[in-house]
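These are the residues of each chain, in order.
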2 protein chains.
Amino acid sequence: MPETSEQEDNQQRLLQVNKALGSGMFVYVRKLLQNMPAYDLALILQSSPSKSRTVLWQLIDHDHHGEVLEELNEEVRKGILKKMRPEKLAEVAEGMDVDDLAEVLRTLPDSVYREVLSSMDSQDRSRVEAALSFDEDTAGGIMNTDTITIRPDVTVDVVLRYLRLKGELPEATDSFYVVDRKDHFIGAVSLSHIVTAKPEVVISKLINDEITALNADMPEREVAQLFERYDWFSAPVVDDEGRLLGRITIDDVVDIIREEAEHSMMSMAGLDDEADTFAPVFKSTQQRSVWLGVNLITALFAVAVSSMFEDILGQLAILAILNTLVPSMGGVAGNQTLTLVIRGMALGHIGESNARTLLYKELAVGFLNGIIWALLIATVVAIWKQDFMLGSVIAFAMLMNLTAAGIAGVTIPLFLKKLDIDPALAGSVILTTVTDVVGIFAFLGTATLLLGT
Amino acid sequence: MPETSEQEDNQQRLLQVNKALGSGMFVYVRKLLQNMPAYDLALILQSSPSKSRTVLWQLIDHDHHGEVLEELNEEVRKGILKKMRPEKLAEVAEGMDVDDLAEVLRTLPDSVYREVLSSMDSQDRSRVEAALSFDEDTAGGIMNTDTITIRPDVTVDVVLRYLRLKGELPEATDSFYVVDRKDHFIGAVSLSHIVTAKPEVVISKLINDEITALNADMPEREVAQLFERYDWFSAPVVDDEGRLLGRITIDDVVDIIREEAEHSMMSMAGLDDEADTFAPVFKSTQQRSVWLGVNLITALFAVAVSSMFEDILGQLAILAILNTLVPSMGGVAGNQTLTLVIRGMALGHIGESNARTLLYKELAVGFLNGIIWALLIATVVAIWKQDFMLGSVIAFAMLMNLTAAGIAGVTIPLFLKKLDIDPALAGSVILTTVTDVVGIFAFLGTATLLLGT
């Protein structure tokens, strides 16, 4: 991951802004921020300590507040919104896309939310209310309502004249939607077909069969998969009766894909994917401590298992020294399998149909790796401690535990998914508990049998 | 992560195909595969055991081979390519996008590569050779060459007539590029401006200033960031002299974003992001064993530290039992910080300008969490073992180690990045070594001082 010059630029800008902020040169900071795109402003806010954010927010041109809110991650946005007055928020709301605005409103406390809605004009309010009626993570929740609709029986020439009259198209328009008089979706016609067709061609002849309408209830993950599968740039959204409601463009989908992919990594460390890197210390401490608490319980469980072998540990201090080795290797091997399975499940590669094949495969990989590392560690220990028996004990435990790790790495995430629990979040704790317990039992148990007096 | 119906569909298809394959109903399998989009065919290949892939590949309509190759992940693709004859490959190559074809050719052994190139017709060959002249991970390596160029001094009407004459636009065309007579890039005109402008307007008046050309050498990560920053749908690529070479569309960028985000998660488990879930057992064993080997070394290092305290461990078996607790909590806390920092670095939130702020913050979070868990564990141990001194020892060690974990979680990835080493790959091993060593030293060292006889 070499530093790209883009990132250097970000850091350069950030340094400049922070330095000026530190010396109280507010007018200069305002000037620096003035010409930056919303994405960069969001980046600066997200990269600044939480206490600087309020000042920076005030220095950003208020006309850009809406766009910047759209780009911010949820946690940072919440922190800023908390400090804004409802009237001010309503003002900012005017310039925002309906889907983004709905997302913002959902995070507000009820009283503020209602105040913002009531201070909007009635047309805007009804559009936002429509967007709010869909679940956040569905096609309806991420769609925009600014579509251009045409009738099937008009000619290309009529459409072109209409467009010229309109003067401007909604952002990212790559196709128009053909609807009947009751707004039922008939099909999509791409802009490139309109410009290449003869003027007298009737629109219904240009309909692209490959584009199907998405139901407003479709989960956003599924929407993202369809975009990836068919290389769509935009897609129409309809209600249960097939009436056109809006459209989803690929830039919304890009965000979903990034979040999905980040989600697994963050969850595996017990973090929220919207976690704010520069959150206040108390907030971060609180957020982290949940996961540490869960891990303490599993660690105490391993301690309890060890304490069953207090006798042999008291007899042979070398066992105490080596006791971490087998669980640690099991944890690493198990986490490899787990990570692969979690990714495979997210990409749709793994499910009922091939779970068994995968289980056998990982069992074999675990066993084979078990043999390799068992032999190696046995040799090291036998030479180091001049104790062939001790070497055999650790070798046996290693083989057992790496095999168990392979099985656990496949079965735990599949099982959690059946229970509707996120495998990325809970998988690695459960897995580590299994590899710790199996590792300690196999090592200290065999040692008690073979080395005990 | 609930199972979406999309994923159920995939699994349904996979079950059907595998069942038919198992009973030797090849004609039926061929029929099943016939109407699937390339993305689904790639998904089926990637979700099947490596030995079924050769059969499946033969049963896929050969006209679709090119598209399917484009969709496959690198490792699976390599396995299939290895078994194809060069002439067959050259045939398949004809239908592929230049950027994808170049990617495929790069993975071939030299002799096959040259044979494929020489069996292509000269026009295709020179286009592919041009694409191959750029680095795989740069704008030049991912661009396509099918752009539509127009002159600045023509009118909208002329352009529209030209387009109608052409009859079809390259896939995903949302803008045209304006060039001078020597092919130097002047600017971009969006298709939506062309259709909304009056016919007599001159093209040069419609140029969109926001779209800047990317240099062919720009790393693909940076390209992806620009697309995200400006919500572009496509962007022109130029050489050092500013001559137009091609364009990048957002569907190429989506792949980069997904790979980037997956890369961190896979690397943290010591896996390649192109790893094939259903690779043969020997191959997987070999790939995993590298990481297990690295971890064995760090685990042995921790063992060596423990063995320095053999005396006290021999005296007090309870220390042996509790010895895993402090390192384990340190590892978890450190990995949380590490994960957050790695994501922050990838998103460009963290760099020189705010590393110190972050360090102080994580130090405080580690210290605070240290106090919480130290008090808790001390109480548990003091009550369980009726030993206040032992409780104090473990509390002190916990506080030390969680603080160290916070510092290590910030400094290790930043330091690795300075050395141009991927923090996602090496970070967690180094971090665990630090938290193991600090944890053992703090616990057993303090125990020796306070509890030893």
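Rules behind the numbers
Residues numbered from 1 in each chain as written. Chains lettered and ligands numbered in written order. Predicted model: local features only at pLDDT ≥ 70, side-chain atom pairs only at ≥ 80, totals over all residues. Heavy atoms only, no water. Helix = DSSP H or I, 4+ residues; strand = E, 2+ residues; numbered from the N terminus. Rg over C-alpha atoms; globule rule 2.2 N^0.38 Å. Buried < 20%, exposed > 50% of the residue type's maximum accessible area, 1.4 Å probe, protein only. Areas by Shrake-Rupley, 256 points an atom, 1.4 Å probe, with all protein chains shown as cover. Phe/Tyr/Trp six-rings, centres within 6.5 Å; stacked < 30°, edge-to-face > 60°. Lys NZ or Arg CZ within 6 Å of the ring centre and 35° of its normal. UniProt positions renumbered as here; feature names shortened; annotations may be inferred. Patch = residues over 30% accessible without salt bridge, like charges linked within 9 Å, V, L, I, M, F, W, Y side chains within 5 Å. Salt bridge = Lys/Arg side-chain N within 4 Å of Asp/Glu carboxyl O. Lys, Arg positive; Asp, Glu negative; His and termini not counted. Charge placed at Lys NZ, Arg CZ, Asp CG, Glu CD. Contact = heavy atoms within 4.5 Å. Polar contact = N/O pair within 3.5 Å; in protein donor to acceptor, adjacent residues only side chain to side chain. Core = buried A, V, L, I, M, F, W, Y, C linked by side-chain atoms within 4.5 Å. Least-squares fit on C-alpha atoms with pLDDT ≥ 70 in both. Pairing = 2+ DSSP bridges. Buried area = accessible area lost by both parts, 1.4 Å probe. Nonpolar A, V, L, I, M, F, W, Y, C, P; charged D, E, K, R; others polar. Axes fitted to C-alpha atoms, helices over the stretch in contact; angles between N-to-C directions.

**Considering the overall build of chain A**
When you go through chain A residue by residue, the secondary structure sums to 22 helices and six strands. Scaling as 2.2 N^0.38, a compact globule of 453 residues should have a C-alpha radius of gyration of about 22 Å, whereas chain A reaches 29 Å, well beyond that. With the C-alpha coordinates of chain A rotated into their principal frame, the extents come out at 95 × 60 × 45 Å. Out of the 453 residues in chain A, the part that is buried amounts to 58%. Counting every atom, chain A has about 19000 Å² of accessible surface; 55% of that belongs to carbon and sulfur.

**Description of the packing of aromatic side chains**
On inspection of all chains with the given rule, the structure shows nine aromatic pairs over all chains. Plain terms: the ring middles of B:Phe227 and B:Trp232 are 5.6 Å apart, the flat faces sit at 85° to each other, and that makes the pair edge-to-face. In this structure B:Phe227 comes out as buried when scored by relative accessible area, which is 2%. The class of B:Trp232 is buried, set by a relative accessible area of 6%. Relative to B:Trp232, the ring of B:Tyr230 lies with its centre 5.5 Å away and its plane at 25°, an arrangement referred to as stacked. These aromatic residues form a ring-pair network of at least three members: A:Phe227, A:Tyr230 and A:Trp232. A cation over a ring is seen here: A:Lys385 above A:Trp384, with NZ or CZ 4.6 Å from the ring centre.

**Description of the UniProt feature "domain: CBS" (unreviewed entry) in chain A**
Residue and element names in this part refer to chain A. Sites flagged by UniProt as "domain: CBS" (unreviewed entry) map to residues 143-206 and 207-265. Segment residues 143-206 splits into 27% helix and 20% strand. End C-alpha atoms: 24 Å apart. Overall, residues 207-265 shows 46% helix and 22% strand. The separation of its end C-alpha atoms is 42 Å.

**A word on a positive patch on the surface**
A grouping of A:Lys78, A:Lys82, A:Lys83 and A:Lys283 is seen on the molecular surface, where their side chains present a positively charged patch. Along the chain, A:Lys82 falls in helix α6 (residues 74-82).

**Some details on helix α6 (residues 74-82) of chain B**
Residue and element names in this part refer to chain B. Among the residues of α6, Glu-75, Val-76, Arg-77, Ile-80 and Leu-81 are the ones counted as buried. Contacts made by the buried residues of α6 are with α3 (38-46), α4 (50-59), α5 (65-71), α7 (86-93), α8 (98-106) and α16 (281-307). Between the side-chain oxygen of the N-cap and the backbone nitrogen of Glu-75 there are 3.0 Å, and the N-cap of α6 in question is Asn-73.

**Some points on the nonpolar core**
Across soluble globular proteins, nonpolar side chains show a tendency to be buried alongside one another. Among the nonpolar cores identified, the biggest contains 85 residues, and A:Leu319, A:Leu322, B:Leu319 and B:Leu322 are the most heavily contacted of them. At nine residues, helix α21 (residues 388-418) of chain A tops the list of elements feeding residues into this core. Contacts of A:Leu322, omitting those with residues within four sequence positions, involve A:Val381, A:Trp384, A:Leu390, A:Ile394, A:Phe443 and B:Val303. Residues A:Ile256, B:Ile142, B:Leu214 and B:Ala224 belong to the second largest nonpolar core, which totals 56 residues.

**Let's talk about the pattern of salt bridges**
According to the stated counting rule, one finds 29 salt bridges over all chains in the structure shown. With a closest N to O distance of 3.3 Å, B:Glu260 and B:Arg221 form a salt bridge. With a gap of 39 residues between them, B:Glu260 in helix α15 (residues 250-268) and B:Arg221 in helix α14 (residues 220-230) connect regions that are remote in the sequence. The structure contains a network of salt bridges with shared partners spanning A:Arg13, A:Asp40 and B:Arg229.

**Focus: the environment of B:Gly141**
Residues and elements named next belong to chain B. The topology assignment puts Gly-141 in helix α11 (residues 139-142). Here the alpha-carbon distance between Gly-141 and Asp-99, two residues 42 residues apart in the chain, equals 6.4 Å. Contact partners of Gly-141, with chain neighbours within four places excluded, come to Asp-99, Phe-134, Asp-135 and Glu-136.

**A look at the relation of the copies chain A and chain B**
Each copy of the chain is related to the other by a rotation around an axis and a translation along that axis. Structural alignment of chain A on chain B gives an RMSD of 0.1 Å, achieved by rotating through 180° and translating 0.0 Å along the axis. In the structure described here, the two chain copies are related by an operation that fits a two-fold rotation axis. Most of the interface of chain A is mirrored in chain B, where 99% of its interface residues are also at the interface.

**Focus: the pairing of strand β5 (residues 234-238) of chain A**
Residues and elements named next belong to chain A. Within β5, five of the five residues are buried, which leaves the element mostly enclosed by the surrounding structure. Burial of the side chains of β5 extends over both faces: Ser-234, Pro-236 and Val-238 are buried on one face and Ala-235 and Val-237 on the other. Of the strand pairs in this sheet, strand β4 (residues 214-215) and β5 are connected by two bridges, and their pairing is parallel. What sits directly across from Leu-214, in β5, is Val-237. Two strands pair when backbone bridges link them, and β5 and strand β6 (residues 244-249) are joined in this way by five bridges, in the antiparallel orientation.

**Here's the deal with the interface of chain A and chain B**
Listed per partner, the contact involves 130 residues of chain A and 129 residues of chain B. Between chain A and chain B lies a buried interface of about 12800 Å² when both sides are counted; carbon and sulfur atoms form 65% of it. Between chain A and chain B we count six salt bridges in total. Where B:Glu228 meets A:Arg258, a salt bridge forms, and the shortest distance between an N and an O atom there is 2.6 Å. Here the residues of the side of chain A that touches chain B are counted per class, giving 65 nonpolar, 36 polar and 29 charged.

**Considering the environment of A:Gln123**
Secondary-structure assignment places A:Gln123 in helix α10 (residues 122-132). Distance from A:Gln123 to A:Leu165, taken between C-alpha atoms, is 23 Å for residues 42 residues apart in sequence.

**A word on the sheet that holds β5(A)**
Residue and element names in this part refer to chain A. Overall, mixed pairing links the three strands, which are arranged β4-β5-β6 in an open sheet. Of all the strands in the sheet, just β4 and β6 have a single pairing partner and so form its edges. Lying on the sheet, helix α14 (residues 220-230) is in contact with β4, β5 and β6; it crosses β6 at an angle near 65°.

**Structural notes on the side chain of A:His65**
All names here are of chain A. By the element assignment, His-65 lies in helix α5 (residues 65-71). One polar contact links the side chain of His-65 to the main-chain carbonyl oxygen of Ile-60, over a distance of 3.5 Å. Not counting chain neighbours up to four residues away, the residues in contact with His-65 comprise Trp-57, Ile-60, Lys-88 and Val-92.

**Some details on a nonpolar patch on the surface**
Residues and elements named next belong to chain A. Taken together, Phe-367, Ile-371 and Leu-375 make up a surface patch of nonpolar side chains, about 280 Å² in accessible area. Position of Phe-367 relative to the elements: it lies in helix α20 (residues 352-385). By relative accessible area, which is 41% here, Phe-367 ends up partly exposed.

**Considering the UniProt feature "transmembrane region" (unreviewed entry) in chain A**
Residues and elements named next belong to chain A. Here the UniProt-annotated "transmembrane region" (unreviewed entry) positions come out as residues 290-309, 315-342, 363-384, 390-416 and 428-451. What you have in residues 315-342 is 89% helix and 0% strand, and the ends, taken at the C-alpha atoms, are 42 Å apart. From the first C-alpha to the last, residues 428-451 spans 33 Å; its make-up is 100% helix and 0% strand.

**Regarding unusual backbone geometry**
All names here are of chain B. Positive phi, close to 60°, is recorded for Ala-172, a residue that is not glycine. Of the residues examined, Ala-172 reaches a relative accessible area of 27% and is grouped as partly exposed. In this structure, Asp-183 takes a positive phi of about 70° despite not being glycine. Relative to the helices and strands, Asp-183 is located in the loop between β2 (175-179) and β3 (185-190).

**Structural notes on the side chain of A:Thr435**
Residue and element names in this part refer to chain A. The topology assignment puts Thr-435 in helix α22 (residues 423-451). Judged by relative accessible area, which is 0%, Thr-435 ranks as buried. Sequence-distant contacts of Thr-435, defined by excluding residues within four places in its chain, comprise Pro-327, Gly-330, Gly-331, Asn-401 and Ala-405.

**Points about α14(B)**
All names here are of chain B. Counting buried positions along α14 yields ten of eleven residues, so the element is predominantly enclosed. Turning to α14, its buried residues number three or more, namely Glu-220, Arg-221, Glu-222, Val-223, Ala-224, Gln-225, Leu-226, Phe-227, Glu-228 and Arg-229. Where α14 terminates, the next one or two residues include Asp-231, which has phi positive at roughly 50°.

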